[in-house]
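Fold and contact review
Below, each chain spelled out in residue letters.
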Amino acid sequence: MVAWWLVSCWLFQGAPEDPGLSGATIAKYIPDNIAERDGWAADVGEALRAASLPVDESHVCQVLAIVEQESTYRADPSVPNLGKIAREEMESKLSLLGPLSNLGIDWLLSPVPEGASESFEARLNKVRTEGQLDELYRDLAGYHTRHASGLPLAGALLARELDKLNPIDSSGSMQVSVAWAQKAGKREGIPRATVRELLYTRAGGLRWGTARLFSIDADYDDPIYRFADYNAGIYASRNAAFQAQLSEIMGLDLALDGDLLAYTDSGPTDGETMGALLAWRALHATDLSEGRVRRDVKLEKEKRFESTETWKRLKAGYQARTGEEPPYARLPNVALHSPKITRKLTTAWFAKNVDRRYEDCLGRHEPEKASAPAD
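Residues numbered from 1 in each chain as written. Predicted model: local features only at pLDDT ≥ 70, side-chain atom pairs only at ≥ 80, totals over all residues. Heavy atoms only, no water.

**Quick look at the nonpolar core**
Our working rule: To define a nonpolar core, start from buried Ala, Val, Leu, Ile, Met, Phe, Trp, Tyr and Cys residues and group those joined through side-chain atoms within 4.5 Å. We call a residue buried when its accessible area falls under 20% of the maximum for its residue type, exposed when it is over 50%, and partly exposed in between, using a 1.4 Å probe and counting protein chains only. Per the convention used, a helix needs a DSSP run of H or I reaching at least four residues, while a strand needs a run of E reaching at least two, with both numbered from the N terminus. Should any heavy atoms of two residues lie within 4.5 Å, those residues are considered in contact.
The biggest cluster of nonpolar side chains holds 72 residues, and the ones touching the most others in it are Val63, Trp208 and Trp280. Per element, the largest residue contribution to this core is 7 residues, and it comes from helix H4 (residues 57-71). Residues contacting valine 63, with those up to four places away along its chain left out, are Val44, Leu48, Met174, Leu206, Thr210, Leu213 and Phe214. Core analysis: the second largest hydrophobic core is formed by 20 residues, Leu82, Ala86, Tyr137 and Leu165 among them.

As structure tokens, this is what we get:
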């Protein structure tokens, strides 16, 4: 159970002096058929204030558009066939054991913990929501950790790796990245398990989702790029434009995914974009050292990248080649992959759908206008 005194202190810290829109006004931007409109409205306002953001029409509607797209206003969203998805992910990740993989799954799921009436496998077959699955994984980890002392080394290692078997990597009403929320929670002294639990509360999901949505200082002229970044990663839309300009200069068909480096389990490494960038340096910017380019590219997930020589020189080269001002952002082209996704979807699809919901939200409530002074 979450320590609610800690939650209340954390959720509502850092509020700006100007409270902005009231809860009653925010509720008017929420569809009439949504249950607990006043509760959602109050928590949206508090999430924005806690992040020291304006509680105005634009910020409110950006948050609500993500909520509507990701969960249709459910703090703990249900996922069809979630138990089956979780078991398949477990089988896939344990497949490295070869013929022993089934034994590993049986070892994980067959126990009936102390005081329980059913096995972990029976519980897994019944899970419907992400919160229920996370609770099961926490209980599973707790059980096997308690019993690890009498197990072979392989069993003890599996017990410590259970968190990695969990297929839920985005959670709550805004489906914020669990890894991102846990890093943010760590900076505030909140344990990883507590972060997961908080994400399934209305206030917690909105607090971390709102913080993630507005976490970067990008100079976007349209919220659609922020929506794309929420899905594809920070500065993805800015970096995709950079990749497109590199493609134009070099005559290449680069993947516009917003990642200038290739990210693997072992860390960032050179990929297609980095190779093209080094070729660009050799042909068009020979006074820049390879080391300088590599140092600059390491800043691709930061605002500071825009102050580097690599950024400035490539942008100038694009303008000289095309006679056009280089666009700051474009929608990245990223295929979405997740055990919860059963259709072929992309980041552009996501951003456009959220943007449509954002526009609908803006038109849902006509702010009161001051009366004209009497003659």
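**Structural notes on the packing of aromatic side chains**
Which entries qualify depends on this criterion: The aromatic pairing rule takes the rings of Phe, Tyr and Trp, using the six-membered ring of Trp, and pairs them if the centres are within 6.5 Å, calling planes under 30 degrees apart stacked, those over 60 edge-to-face and the rest tilted.
Following the criterion strictly, the structure yields 9 aromatic pairs and no others. Measuring from centroid to centroid gives 5.7 Å for tyrosine 220 and tyrosine 225, while their planes differ by 45°, and the two rings are tilted. On the basis of relative accessibility, which here comes to 17%, the residue tyrosine 225 falls in the buried class. The interplanar angle of 65° and the centroid separation of 5.8 Å between the aromatic rings of tyrosine 220 and tyrosine 328 together place this pair among those described as edge-to-face. Residue tyrosine 220 is found in the loop between helix H13 (202-213) and helix H14 (223-232), and its partner tyrosine 328 is found in the loop between helix H18 (309-322) and helix H19 (347-362); the two are separated by 108 residues along the sequence. With respect to class, tyrosine 220 is no different from tyrosine 328; both count as buried.

**Some words on the environment of glycine 142**
Within the secondary structure layout, glycine 142 lies in helix H8 (residues 130-146). For the pair formed by glycine 142 and proline 113, sequence separation is 29 residues and the distance between their alpha carbons is 9.9 Å.

**Observations concerning the state of the cysteines**
Basically, it comes down to this: Criterion for a disulfide: a pair of cysteine sulfur atoms at a distance within 2.5 Å.
Within this structure, the stated rule accounts for 1 disulfide. The disulfide partner of cysteine 61 is cysteine 361, and the S-S distance across this bridge is 2.2 Å. Residues cysteine 61 and cysteine 361 are joined through a disulfide that is left-handed, its torsion about the S-S bond being -70°. With a gap of 300 residues between them, cysteine 61 in helix H4 and cysteine 361 in helix H19 connect regions that are remote in the sequence. Owing to a relative accessible area of 2%, cysteine 361 belongs among the buried residues under this scheme.

**With respect to the packing of helix H12 (residues 192-199) against H13**
Filter applied, for reference: For helices, the axis comes from a line fit to the C-alpha atoms of the stretch in contact; other axes are also lines fit to C-alpha atoms, and the angle between any two N-to-C directions lies between 0 and 180 degrees. Here the word oblique covers every angle except those under 35 degrees (roughly parallel), over 145 (roughly antiparallel) and from 65 to 115 (roughly perpendicular). Any residue outside Ala, Val, Leu, Ile, Met, Phe, Trp, Tyr, Cys, Pro, Asp, Glu, Lys and Arg is labelled polar, Gly included; the first ten of those are nonpolar and the last four are charged.
The N-to-C vectors of H12 and H13 enclose an angle of 105°; their axes lie 6 Å apart at closest approach. Taken together, H12 and H13 sit at an angle that is classed as roughly perpendicular. Contacts between H12 and H13 pair Val195, Leu198 and Leu199 from the former with Gly204, Gly205 and Trp208 from the latter. Tallied by class, residues from the contact of H12 with H13 come to 4 nonpolar, 2 polar and no charged.

**A few points about the pattern of salt bridges**
For the record, the criterion: Take a side-chain nitrogen of Lys or Arg and a carboxyl oxygen of Asp or Glu: if they are within 4 Å of each other, that pair is a salt bridge.
Counting across every chain of the model gives 22 salt bridges. The salt bridge involving glutamate 36 is made with arginine 202; its shortest N-O contact spans 2.7 Å. You can see glutamate 36 sitting in the loop between helix H2 (23-27) and helix H3 (37-50) and its partner arginine 202 sitting in helix H13, a full 166 residues away along the chain. What makes arginine 202 partly exposed here is its relative accessible area of 23%. For lysine 84, the salt bridge goes to glutamate 88, with nearest N and O atoms at 2.7 Å. In this pair, lysine 84 and glutamate 88 both sit in helix H5 (residues 82-93), 4 residues apart, roughly one turn of the helix. Relative accessible area serves as the criterion here: at 40%, glutamate 88 is assigned to the partly exposed category.

**Re unusual backbone geometry**
For asparagine 81, which is not glycine, the phi dihedral falls at a positive 55°. Of note, asparagine 81 is situated in the loop between H4 and H5. With a phi close to 60°, tyrosine 235 is a non-glycine residue in the positive phi region. Within the fold, tyrosine 235 resides in the loop between H14 and helix H15 (236-250).

**Brief notes about a negative patch on the surface**
The criterion, for reference: Surface patches are drawn from residues lacking salt bridges whose relative accessible area is over 30%; two like charges belong together within 9 Å, two nonpolar side chains (Val, Leu, Ile, Met, Phe, Trp, Tyr) within 5 Å. In these tables, accessible area is a Shrake-Rupley quantity obtained with a 1.4 Å probe, and a residue counts as shielded only by the protein chains included in the view. In this tally Asp and Glu are treated as negative and Lys and Arg as positive; neither His nor the chain ends contributes. A charged residue contributes its charge at one atom only: NZ of Lys, CZ of Arg, CG of Asp or CD of Glu.
Among the surface-exposed residues, Asp221, Asp222, Glu359 and Asp360 lie close enough to one another that they form a single negatively charged patch. Relative to the helices and strands, aspartate 221 is located in the loop between H13 and H14.

**Some details on the side chain of serine 247**
Within the secondary structure, serine 247 is located in helix H15. For serine 247, a relative accessible area of 9% puts it in the buried group.

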